[in-house]
Amino acid sequence: MRLDVEAMAADIEQSVGLLRRRLDWDAALRKLDELNARVEDPSLWDDADNAQAVMRERTRLADQVALVKTLERETEDAIAFAELADEEGDEASLEEARQQLRDLKARAGRAELEALLSGEADANDAFLEVNSGAGGTESCDWASMLLRMYTRWAGAHGYEVDLIEETPGEQAGIKSATIQVKGANAYGWLKSESGVHRLVRISPYDSSARRHTSFASVGVSPVVDDTIEIEINPADVRTDTYRASGAGGQHVNKTDSAVRLTHIPTNTVVACQTERSQHQNRDRAWKMLRARLYELELQKREAAAQALEDAKTDIGWGHQIRSYVLQPYQMVKDLRTNVETSDTQGVLDGDLDAFMGAALAARVGVTRDGAEG
């Protein structure tokens, strides 16, 4: 068999081996059998909340086990196909087998990273908020570019995106926007994107074609499951209503349907304007507020447990995590992991996996041989 085929097969087998170890394979199979038995017991549904939790756990574990088995089976098939093509001197079929292995290697690598998503809320949906920085139109345009980038990333990975709130800029772009990204591990993948993003480019809004630097901040928080208790004193929350901006028909233009909540002790502000009624917007805004306060609590726990690592990945307006340079040269560089690429257009179109994967691995201190620091 050709050396490149052997190398790819070895990489896939190593990733699958790491997945088995992180799952504790034999224990995972026993646990899945137990969950399957519980699901078949009609009395499980006497407690609907508990039944849903069991179903979620069973689905998650079943998906992980099925993925390992699929990777093993498809790798064996691709290797056998490659060996047969090599024996017959069929270069076209051999290249097809190589492509199959390349695809499997990418899937195994992503699965290996996803196995690291073991944080308390990593499996949850996520709220992602983008805010423009100082700089007027330039920063508003940059914020809209970031919103598009994350929307494209989510779409490419099968996530559903709902627009929760959007405040347009005075001339172009957006001052702020919040989206909800729905799907397994959405928060686990996106949480490392929190921070300040810097853009350097020749401004399309400058008649002198000068180079400008713009900043925008990204904040990510988990959508909180109803089983997680977040105590909020209603007296600590100020509620403001206002007319929704942008297109929305006569209803939103003539009534104060949009809702803004301010949690006074933490100065946490959330807003929702996309639902048809004030009641619906208020309900969704409260869910967002609970998510934001839960994220603050997660940050406090992480800071107490790992102060040095948090210093590198702190979430805040003054902390720059990534630079996007479009002129005089093209480069996107993550300042925490030093991962960089010259494919700026690919990144702005949502190709963020290399940055997210490196940040995730660095956050948990995992090396390629599976040791955790």
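Please refer to the structure placed before this passage.
Now for a description of the structure that goes with this document. Since we're looking at a predicted model, the values are computed, not measured.

**Focus on the overall build of the protein chain**
If you tally the helices and strands in the protein chain, you get eleven helices and eleven strands. Here the protein chain holds 373 residues, and 42% of them are scored as buried. Long-range pairs, those at least 24 residues apart, make up 63% of the contacts in the protein chain between residues at least 6 apart in sequence. With an accessible surface of roughly 19000 Å², the protein chain has 48% of that area assigned to carbon and sulfur atoms.

**Things to note about the pattern of salt bridges**
For the structure on display, the rule yields 23 salt bridges. A salt bridge links Glu 138 to Arg 201, with the shortest nitrogen-to-oxygen separation between them at 3.4 Å. Here the residue Glu 138 occupies a position in helix α5 (residues 137-156), and Arg 201 occupies one in strand β4 (residues 195-202), the gap between them amounting to 63 residues. The shortest N-O distance in the salt bridge between Asp 349 and Arg 152 comes to 3.9 Å.

**Topic: the environment of Glu 295**
Within the secondary structure, Glu 295 sits in helix α8 (residues 278-305). Counting along the chain gives 74 residues from Glu 295 to Ser 221, while the straight-line C-alpha distance between them is 5.4 Å.

**Brief notes about the packing of helix α2 (residues 25-39) against helix α3 (residues 48-88)**
The interhelical angle for the contact between α2 and α3, taken along N-to-C directions, is 140°, at an axis separation of 9 Å. For the element pair α2 / α3, the angle class is oblique. Handedness of the crossing formed by α2 with α3: left-handed. Between α2 and α3, the residues in contact are Trp 25, Ala 28, Leu 29, Lys 31, Leu 32, Leu 35, Asn 36, Arg 38 and Val 39 and Asn 50, Val 54, Met 55, Glu 57, Arg 58, Leu 61, Ala 62, Val 65, Val 68 and Lys 69, respectively. Looking at the contact of α2 with α3 residue by residue, the class counts come to twelve nonpolar, two polar and five charged.

**Some words on the environment of Val 68**
As for its placement among the helices and strands, Val 68 is situated in helix α3. By relative accessible area, Val 68 is classed as buried at 1%. Between the C-alpha atoms of Val 68 and Val 16, which are 52 residues apart in sequence, the distance is 6.4 Å. Apart from residues no more than four positions distant in its own chain, Val 68 is found in contact with Val 16, Leu 19, Arg 20, Leu 23 and Trp 25.

**So, the nonpolar core**
Core analysis: the biggest nonpolar cluster contains 55 residues, and Leu 146, Leu 190 and Tyr 324 have the highest contact counts within it. If you tally residues by element for this core, the top one is α5, at nine residues.

**Points about α5**
Over its 20 residues, α5 extends 29 Å from the first C-alpha to the last, a length consistent with the 28 Å expected when each residue adds 1.5 Å. For α5, the tally of buried residues reaches 14 of 20 residues, placing the bulk of the element in the interior. Looking at the residues trailing α5, positive phi occurs at Gly 158, about 80°.

**Re the packing of aromatic side chains**
Overall, the coordinates contain two aromatic pairs when judged by the stated rule. Ring geometry for Trp 142 against Tyr 324: centres 4.9 Å apart, planes inclined by 70°, an arrangement best described as edge-to-face. Of the two residues, Trp 142 is situated in helix α5 and Tyr 324 in strand β9 (residues 320-325); the sequence distance between them amounts to 182 residues. Each of the two residues, Trp 142 as well as Tyr 324, counts as buried. Taking NZ or CZ as reference, Arg 20 lies 4.3 Å from the ring centre of Trp 25, over its face. Over the aromatic face of Trp 189 sits the side chain of Arg 110, whose NZ or CZ is 4.2 Å from the ring centroid.

**Focus on the sheet that holds strand β8 (residues 268-272)**
Paired through their backbone hydrogen bonds, the strands of a sheet run either parallel or antiparallel. One open sheet holds the three strands; their spatial order is β6-β7-β8, and the pairing between them is antiparallel. At either end of the open sheet lies a strand with only one pairing partner, and these are β6 (237-242) and β8. Geometrically, the sheet is characterised by an average inter-axis angle of 15° between neighbouring strands, direction not taken into account.

Analysis parameters
- Residues numbered from 1 in each chain as written.
- Predicted model: local features only at pLDDT ≥ 70, side-chain atom pairs only at ≥ 80, totals over all residues.
- Heavy atoms only, no water.
- Helix = DSSP H or I, 4+ residues; strand = E, 2+ residues; numbered from the N terminus.
- Buried < 20%, exposed > 50% of the residue type's maximum accessible area, 1.4 Å probe, protein only.
- Contact = heavy atoms within 4.5 Å.
- Areas by Shrake-Rupley, 256 points an atom, 1.4 Å probe, with all protein chains shown as cover.
- Salt bridge = Lys/Arg side-chain N within 4 Å of Asp/Glu carboxyl O.
- Axes fitted to C-alpha atoms, helices over the stretch in contact; angles between N-to-C directions.
- Parallel < 35°, antiparallel > 145°, perpendicular 65-115°, else oblique.
- Left-handed = near helix turned anticlockwise from the far one by under 90°.
- Nonpolar A, V, L, I, M, F, W, Y, C, P; charged D, E, K, R; others polar.
- Core = buried A, V, L, I, M, F, W, Y, C linked by side-chain atoms within 4.5 Å.
- Expected span 1.5 Å × (residues − 1).
- Phe/Tyr/Trp six-rings, centres within 6.5 Å; stacked < 30°, edge-to-face > 60°.
- Lys NZ or Arg CZ within 6 Å of the ring centre and 35° of its normal.
- Pairing = 2+ DSSP bridges.

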